[in-house]
Amino acid sequence: MKFPFLLAALALPLSLSAQQVLVEAEAFADHGGWQLDTQFIETMGSPYLLAHGLGNPVADAVTKVSFPETGDYRVWVRTKNWVEKFADTVDASAAPGRFQLRIDGEVLPHVFGKTGDQWHWEDGGSISVASNKAQLELALVDLTGFNGRCDAILFSKDPDFVPDNSSEVLPAWRRTMLGLPEEPTDEGPFDIVFVGGGYAGSCGAISAARMGLKVALVQNRPVLGGNGSSEVRVWAKGNTPPGLYPIGDIVREFEDHATLSPGTYEEFEDAKKKDIVSTEPNISLFLNHHAYKVDMESPAKIAAIHAFDTRTGALRRFSARNFCDATGHGTIGLMAGADHEMIDGGRMGMSNMWRWENADEPQSFPETPWALDLEEGDFPYPRKFHAEWFWESGYDKHPLLDLEEIRDWNHLAAFGAWNAMKNKGAYERYDPDMLGHKNARLTWLAYIGGTRETLQLLGDVVLTEEDIVNKKPFPDGCVLTTWSIDLHYPAEQYEKKFPDNPFISVAVHGKGVDRKRGYPVPYRCFYSRNIENLFMAGRNISVTHEALGTIRVMKTCGMMGVVVGKAAALSSQHDASPREAYYQHLDELVKLMQLPGNMRRTTLADEFAVDPNLPDLGEPELDWIPKTQLDGIVVDDDEAKLTGEWNHGAGLPRHVENGYRYIGAARPGGQEVATATFEFRVPEDGEYEVRISHQAHENRSSKTPVTVVSADGEKTQAVNQRIAPPLANGFYGLGVFRFEAGKPGAVVVSNEGIDGNAHIDAVQILPLD
């Protein structure tokens, strides 16, 4: 069927050929409710628009298009049925991603997105353009709100023409049709180009700029923060502890303070992050730019990277002395031929978290026969109105080639779970409003995935779990990693229904990382061993799979970027490679790392000075108390002699050293009698004040028995551990007791007769003045 359209006006984009007109979906003047998805350019060749409406059709995407000639045009749309790849598992015929085209108010009858498990050009019929140079309004009309997707629309006067369906990024025929110049716009030269605007790339760019370098930051999303942005909503973990160097200052300046993961949009402070970077005078920020190609000066040296504007297709070439791959995926290193390692399977996966709320009135949700068929027990209940990090899949999928499939599977799981809650009565007794989720509605589901592991670019040091656990010293140790060796695996409880592609994970936390003081990761993990001007920062640095478990969290990655920025300054100053910054200039690198984050210089020739416009953050406030800060004799719970099964905890702040322990009440046939004995010896005969610390909590006992063993015998008293201790540093005074030099004294805590958990942290013995 042909539809005549009679209009006249100017429009873009224009084909250089009268035979075809190409309209890139990302270039629509108004995206409406459609989202720009740039995650899968390497595999399908282009950004695309996604109708991500959580079951509610999104507002139309609208643009104008001109036709250089009148006549009949065949309509082609590059799209796919995104669930057809899972046809063995779900009802793909339901085709949730359906949409149509509207041209000047007339909706074409063809429905797109119903067929094809791969990206392809779908024939949408023909239209007639009856006015020369006519301008037509073109719209994408979403029918479902369930992830319809459109890459591009092509109009052809040649009825036998079929568009090229290759997944090459910006192929020549597209560039020609869009009227893009053959040569990119030259940017630079820069001292360093950071690719990737997560914590690693952003903090690295800030650091390099304050070192006096000319910096470019290239990010393919409209926001900064990566997994810590409002698009993914992972809260920033890892500490920035005092110790070696104040390289955590810039991270603390940049970080958000989200209280949940996923939290609300506002909590992730996208605007603050962008403002900090964009106000740096030495940074050129290129948001919405995707790096897709590298030029090599030699087999071992990068000359430039190429990036294109993901909205307009405009090409840019960034030349620089050095480059930093902060993409997470390691794609710059891959394109440059950097040595790398990708484990065959059993990787940590990708998460797409989601949130919901209870409205004031009933909310409907359509049945989803195309989603995973889930029931209560197939997935964990999303407590506190959010589905957390463990909604994760892709463990044995290729982390680049299968990335879109992994994201889509996560969405099938999320929509299937929500369908179970709304339409099958799953977990209805857990609804906080006691309405069986009748008023519940989805408010957010990440369409940008949070990936944990792709590949590792290899440096002069490949850090291992053994290095960390054994506290192997490196002369260039600098970034203190404080997260445990945290590896994710499919959760057995929830993998029975889909054992080949589980979507719920469990975290296994290994021991060996000092989570208070950290382990210093060496600088030699932050540059490529075979590409002489390539730095790395973030989760793609030179570590093994196991060591990745501790270094991959955002604040730790941010500190890597800060170190890279300082090393890049030495590289420019001395005409040295990143490797030579270690072998020839390590003493200078240490001096730069000793500078606080609020010091800067305009150029390499200038002196450093404190910038009064930047925050003086000082030493980070600890949420724990080192023994060295306490007077007298201090015995920590790690040094106590324990009987029974005490649990270790560290979630309550202001504990002494590495945490505390707690245990439930002893009862016949249940919890055994347990004790914790804190032994000590005083240096001189005399009277001493004895104190014990605890962190108050409502589930602690109000009558925990505590016995002091002194030279005068034993004295037991009950301590209310639901109330915060009144003395400094969270200690409670047990009284004054006499002790004799060289003879053991003790404080003993028991779980007998308690009405909550008994809690132990530390004992302090102070001589009387």
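Please read these numbers as outputs of a predicted model, since none were measured by experiment. (Residues numbered from 1 in each chain as written. Predicted model: local features only at pLDDT ≥ 70, side-chain atom pairs only at ≥ 80, totals over all residues. Heavy atoms only, no water.)

Caption draft 1: Expanded view of the nonpolar core. Ile192, Val193, Ile305, Tyr523 and Phe526 are the most contacted members of the largest nonpolar core, which totals 90 residues. Looking at this core element by element, the count peaks at eleven residues for helix α10 (residues 554-574). When residues no more than four places from it in sequence are discounted, the contact partners of Phe526 are Cys478, Val479, Val521, Phe535, Met536, Ile541, Met560, Val563 and Val564. Membership of the second largest hydrophobic core comes to 38 residues, among which are Leu54, Ala92, Trp354 and Ala417. (Core = buried A, V, L, I, M, F, W, Y, C linked by side-chain atoms within 4.5 Å. Buried < 20%, exposed > 50% of the residue type's maximum accessible area, 1.4 Å probe, protein only. Helix = DSSP H or I, 4+ residues; strand = E, 2+ residues; numbered from the N terminus. Contact = heavy atoms within 4.5 Å.)

Caption draft 2: Inspection of the packing of helix α3 (residues 199-210) against α10 at higher detail. Interhelical geometry of α3 versus α10 gives an angle of 30° and a closest axis separation of 7 Å. Where α3 crosses over α10, the two elements pack in a sense that is right-handed. Across from Tyr199, Ala200, Cys203, Gly204, Ser207 and Ala208 in α3, the residues of α10 making contact are Met554, Cys557, Gly558, Gly561, Val562, Gly565 and Lys566. Each residue belonging to the contact of α3 with α10 can be placed in one class, and the counts come to seven nonpolar, five polar and one charged. (Axes fitted to C-alpha atoms, helices over the stretch in contact; angles between N-to-C directions. Left-handed = near helix turned anticlockwise from the far one by under 90°. Nonpolar A, V, L, I, M, F, W, Y, C, P; charged D, E, K, R; others polar.)

Caption draft 3: How the structure looks around the sheet that holds strand β46 (residues 758-760). Taken in spatial order, the three strands make up an open sheet running β37-β39-β46, and their pairing is antiparallel. Looking at strand neighbours, the two that pair on one side only are β37 (647-649) and β46, the edges of this open sheet. The average angle at which neighbouring strand axes cross in this sheet is 30°, direction not considered. Where strand β39 (residues 660-663) meets β46, three bridges bridge the pair, whose relative direction is antiparallel. Its bridge partner being in β46, Ile663 is matched across the sheet by Ala758. (Pairing = 2+ DSSP bridges.)

Caption draft 4: Examining the state of the cysteines more closely. For the structure shown, the criterion picks out zero disulfides. No disulfide involves Cys203; its sulfur sits 9.9 Å from the nearest other cysteine sulfur, which is in Cys557. (Disulfide = S-S within 2.5 Å.)

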